[in-house]
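Residue-level structural notes
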Amino acid sequence: MASETHMSGPECLIENTNGRLLVNPKALKILSAIQQPVVVVAIVGLYRTGKSYLMNKLAGENKGFSLGSTVQSHTKGIWMWCVPHPKKPERTLVLLDTEGLGDVEKGDNQNDSWIFALAILLSSTFVYNSMGTINQQAMDQLHYVTELTDRIRAKASPDVDGVEDSADFVSFFPDFVWTLRDFSLDLEADGQSITADEYLENSLKLKKGTSQKDKNFNLPRLCIRKFFPKKKCFIFDRPTDRKKLGQLEELCDDKLDPEFVQQAAVFCSYIFRNSKTKTLSGGIKVNGPRLETLVQTYVSAINSGDLPCMENAVLALSEIENTAAVKKAIAHYDQQMDQKLQLPTETLQELLDLHRTIEKEAIEVFMRMSWKDIDHLFQKELAPPPLWSSGFGRAGSAAMAHGPSCSVECGIFPHWGTNPCPLHRQADSQPLCHQAQLDEKRDDFCKKNRKASSDRCSALLKDIFSPLEEGVKEGIYSKPGGYRLFIEKIQELKKKYLQEPRKGIQAEEILQEYLKSKESVTAAILQTDQTLSEKDRLIEVERVKAESAQAAAKMLEEMQIKNQQMMEQKEKSYQEHVKQLTEKMERDRAQLLEEQERTLSLKLQEQRRLLQEGFQEENRRLHEEIQNLQKKMKKPRKQCCLS
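Nothing here was measured: the structure is a model prediction, and the numbers come from that model. (Residues numbered from 1 in each chain as written. Predicted model: local features only at pLDDT ≥ 70, side-chain atom pairs only at ≥ 80, totals over all residues. Heavy atoms only, no water.)

In this section: the overall build of the chain. When helices and strands are tallied, the chain shows 23 helices and twelve strands. Partitioning the contacts of the chain with sequence separation of at least 6, the portion at a separation of at least 24 is 75%. About 31,300 Å² of surface is accessible on the chain, with carbon and sulfur atoms providing 51% of the total. (Helix = DSSP H or I, 4+ residues; strand = E, 2+ residues; numbered from the N terminus. Contact = heavy atoms within 4.5 Å. Areas by Shrake-Rupley, 256 points an atom, 1.4 Å probe, with all protein chains shown as cover.)

Pasting the structure below:
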């Protein structure tokens, strides 16, 4: 799939105006159109350290992000450039360039801390850019990393002790890349050549001691090691002489130091090949609209005085998408039913079978699109299973618990009196129970089916019985022997009516309604037929009563069959819901375990390193985190129960 992104240059994503962060609607609109998963690379560092140049190289351009040429921070806020990914055509590369940290003109370290935190929250690869070597000054300038737990919450509700361990952050945090500009040292340790990565690891070694100076030395190193288990380092020579640095975007590669050009190419190649898709807890890949929501949620929290909470942002995003998943599932159901359902159906079972097939498809649509549906609230909104707290069995209680509202709507459970009456007339006075949307859709199609059947049957009766009506008007049956002719004509026309196809589920009821409407005419013809004795008339009255009772019994039997069909359909739907939900829960559980095992592996690696370095206190704290994580992993899986 080709990339959908067409940005000729960067756009400000988050404006930093007078110390307040504002989201740019134009940039959000760009994100909303990107349906591909995104790889988000953010760069942060002190002002005037050449961050923007590296981001332009990642965009494949010399110009784009503003480089500036003075000692002032040139980039304000966070700027975004969405470009086609050069190595992964099914992904979009989102580049975030941040304003320089430590600009004396701002005089607001808190503002810098929020920019730093947002870059971490939004990215899948976090690039920290600094000048020279990794010395204590460089570490001191990276003090923002020590403030992360004061700026970001991983969970809406921390553990019982109120403390969040680093595992909560590691699962959300990006990979860490440290770029060292104008690096002039030889990469050596103890007389041996080392790689840039080994140089970084050596620079992150802790110092033994308990003084405040030792603690200050160790704190940023511990934070980097705990929060960013995956780390990478790149060194860069000075690109050109100092006088030409202000014209860097104008210079071709052949005018730059060859070593620098090569180093920049290696950096870009690594980012292109190794930067991961931005992924949320649960393995949810972030696309443009999801990134848009994260930006809005985090900035809104900061502006309201709250700490941006990763869990809350994910839940807010899942709520938006689960709502959309319900709508998509309903749209699929409507479309398929409109295409495949021909009203009226000959039987209720025909309608229920089609409903169940398409309901299953609709739930599959929902399951594919939904995630983090806490307590299955959105699935219950779509299609809750028939579990009620009455004394009936699960399926047997379904219609009774709904009923008579739901049952009457579907053509079952009439309120029987002396004679059966049209079922739809029983529904109007009954209070409706709360129903899921697919249940409402099913009931609505049942009503439409019943109406289509009633309309067709009424039209058939009007057409087929018109000769009888004309005969009554003309007095054909108001003469001796007329009653016998009248009854024979009715039987003949009934047979013709019953032979008509596709009358639907109301065929018998509408017929009986029609015949009942002719009772007075029948009685009048019976009384005026002079060929019949009084005994004949009494016998005929009893015959008509018996026939009416037989018809009522037949209708009652049909209603009971419909009732049973409806209960069976609900049971089958319930079993299908449980099956699909169980499968989804198993997939989610497997994804969670995979994430936890990855985090556990990283923590165990760090624990081994702490032991080797002889830091028992830090090792003890990390051991507690490992134990907590292992307890979470051993928790029994939840059973699927929808109610």
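Read on for the rest.
This part takes up the pattern of salt bridges. Under the definition given, this model contains 21 salt bridges. The partner of Asp182 in a salt bridge is Arg238, and the shortest N-O contact between them spans 3.9 Å. Separated by 56 residues along the polypeptide, Asp182 in the loop between β7 (175-181) and β8 (188-189) and Arg238 in the loop between β10 (231-235) and α9 (258-274) bring together distant segments of the chain. One continuous salt-bridge network, built from bridges that share partners, spans Asp175, Lys230 and Lys276. (Salt bridge = Lys/Arg side-chain N within 4 Å of Asp/Glu carboxyl O.)

Further remarks concern the side chain of Gln512. Relative to the elements of secondary structure, Gln512 occurs in helix α20 (residues 507-517). Residue classification places Gln512 among the buried positions, given a relative accessible area of 19%. One polar contact links Gln512 to Glu508, side chain to side chain, over a distance of 2.8 Å. Filtering out sequence-adjacent residues up to four positions away, Gln512 remains in contact with Ala551 and Met555. (Buried < 20%, exposed > 50% of the residue type's maximum accessible area, 1.4 Å probe, protein only. Polar contact = N/O pair within 3.5 Å; in protein donor to acceptor, adjacent residues only side chain to side chain.)

This part is about the pairing of β10. Across the five residues of β10, four count as buried, placing the element largely inside the fold. By the bridge criterion, five bridges tie β7 to β10 in an arrangement that is parallel. If you follow Thr179 over to β10, its bridge partner there is Phe234. (Pairing = 2+ DSSP bridges.)

We now examine the side chain of Ser453. Relative to the helices and strands, Ser453 is located in helix α17 (residues 437-464). Setting aside chain neighbours within four positions, we find Ser453 in contact with Pro344, Lys503, Gly504, Ile505, Gln506 and Ala507.

That bond from Leu343 to Pro344 is cis: its omega, -5 degrees, falls within 30 degrees of zero. Among the structural elements, Pro344 can be located in the loop between α11 (310-340) and α12 (348-369). The backbone of Asp182 shows a phi angle near 50 degrees, a positive value even though the residue is not glycine. Unlike most non-glycine residues, Lys372 shows phi in positive territory, near 50 degrees. Note on placement: Lys372 falls in the loop between α12 and α13 (377-382).

This part covers the sheet that holds strand β3 (residues 38-45). Pairing is mixed in the open sheet, where eight strands are placed in the order β2-β1-β4-β5-β3-β6-β7-β10. This sheet does not close on itself; its edge strands, each paired only once, are β2 (20-23) and β10. With strand direction ignored, the average angle separating the axes of adjacent strands in the sheet is 20 degrees. Pairing between strand β1 (residues 11-17) and β2: four bridges, direction antiparallel. If you follow Glu15 over to β2, its bridge partner there is Leu22. Along the sheet, helix α2 (residues 51-58) makes contact with β3, β4 (78-84), β5 (92-98), β6 (125-131) and β7, crossing β5 at roughly 170 degrees. (Axes fitted to C-alpha atoms, helices over the stretch in contact; angles between N-to-C directions.)

With that settled, consider α2. Taking burial as the measure, the eight residues of α2 include seven buried ones, the bulk of the element. Inspection of α2 places Lys51, Ser52, Tyr53, Leu54, Met55, Asn56 and Leu58 among the buried residues, and these make up the whole buried set. Contact partners of the buried residues in α2: β3, β4, β5, β6, β7 and α9. Directly beyond the C-terminal end of α2, a positive phi value near 80 degrees is found at Gly60.

Attention now goes to helix α23 (residues 616-634). Taking 1.5 Å of rise per residue, the 19 residues of α23 would be expected to cover 27 Å, and the 26 Å separating its terminal C-alpha atoms lies within 8% of that figure. Those residues of α23 that sit buried are Glu618, Asn619, Leu622, Glu625, Ile626, Leu629 and Met633. Down the axis of α23, the smallest arc covering the buried residues is 125 degrees, so these residues share one side. What points out from α23, more than 90 degrees from its buried face, is the exposed set Gln616, Lys631 and Lys634. (Expected span 1.5 Å × (residues − 1). Arc of directions from axis to C-beta.)

The next thing to look at is the nonpolar core. Soluble, globular proteins show a tendency: their nonpolar side chains are buried together. Core analysis: the largest hydrophobic core is formed by 96 residues, its most contacted members being Phe116, Phe173, Trp178 and Phe267. For this core, the leading source of residues is helix α3 (residues 109-122), giving nine residues. Discounting residues that sit within four places of it in the chain, Trp178 has contacts with Tyr128, Ser130, Ile134, Ala138, Met139, Leu142, Leu200, Ile224, Lys232, Cys233 and Phe234. The next biggest cluster of nonpolar side chains, apart from the first, holds 26 residues, and it includes Ala329, Ile330, Tyr333 and Val365. (Core = buried A, V, L, I, M, F, W, Y, C linked by side-chain atoms within 4.5 Å.)

Within the structure shown, the criterion is met by 19 aromatic pairs. Ring pairs connect the aromatic residues Phe116, Phe126, Tyr128, Tyr144, Phe173, Phe176, Trp178, Phe227 and Phe228, which therefore count as one cluster. The positively charged end of Arg181 is found above the aromatic ring belonging to Phe236, 5.5 Å away from the centroid. Directly above the ring of Phe217 sits Arg221, whose terminal nitrogen or CZ lies 3.6 Å from the centroid. (Phe/Tyr/Trp six-rings, centres within 6.5 Å; stacked < 30°, edge-to-face > 60°. Lys NZ or Arg CZ within 6 Å of the ring centre and 35° of its normal.)

So, on to the packing of helix α22 (residues 534-613) against α23. At a closest axis distance of 10 Å, the pairing of α22 and α23 adopts a crossing angle of 165 degrees. Judged on the interaxial angle alone, α23 and α22 are roughly antiparallel. The handedness of the crossing between α22 and α23 comes out as left-handed. Residues Arg589, Leu593, Gln596, Glu597, Thr599, Leu600, Lys603, Leu604, Glu606, Gln607, Leu610 and Leu611 of α22 pack against Gln616, Glu618, Asn619, Leu622, His623, Glu625, Ile626, Leu629, Gln630, Lys632 and Met633 of α23. (Parallel < 35°, antiparallel > 145°, perpendicular 65-115°, else oblique. Left-handed = near helix turned anticlockwise from the far one by under 90°.)

Below, the discussion takes up the environment of Ser66. Tracing the backbone through its elements, the reader meets Ser66 in the loop between α2 and β4. Residues Ser66 and Ser52 lie 14 residues apart in sequence; the distance between their C-alpha atoms is 6.4 Å.

On to the confidence of the model for the chain, then. The share of residues in the chain with pLDDT of 70 or more is 84%, and the mean pLDDT across the chain is 82. Helix α16 (residues 424-427) is the least confidently modelled element of the chain, averaging 37 in pLDDT, while β10 averages 96, the highest of any element. The model gives residues 68-74 a pLDDT under 50, and that stretch makes 16 contacts with residues more than four places away or in other chains. Scored below 50 in pLDDT, residues 386-433 shows 93 contacts in the model against residues more than four places distant or in partner chains. (pLDDT = per-residue confidence, 0-100.)

With that settled, the discussion passes to the pairing of β1. Counting buried residues along β1, five of its seven residues qualify, which places the element largely inside the surrounding structure. Alignment of β1 against β4, held across three bridges, turns out to be antiparallel. Bridged to Glu11 within β4 is Met80. Here β1 folds back onto β2, and the loop between the two strands holds two residues, one of which, Asn18, carries a positive phi near 50 degrees.

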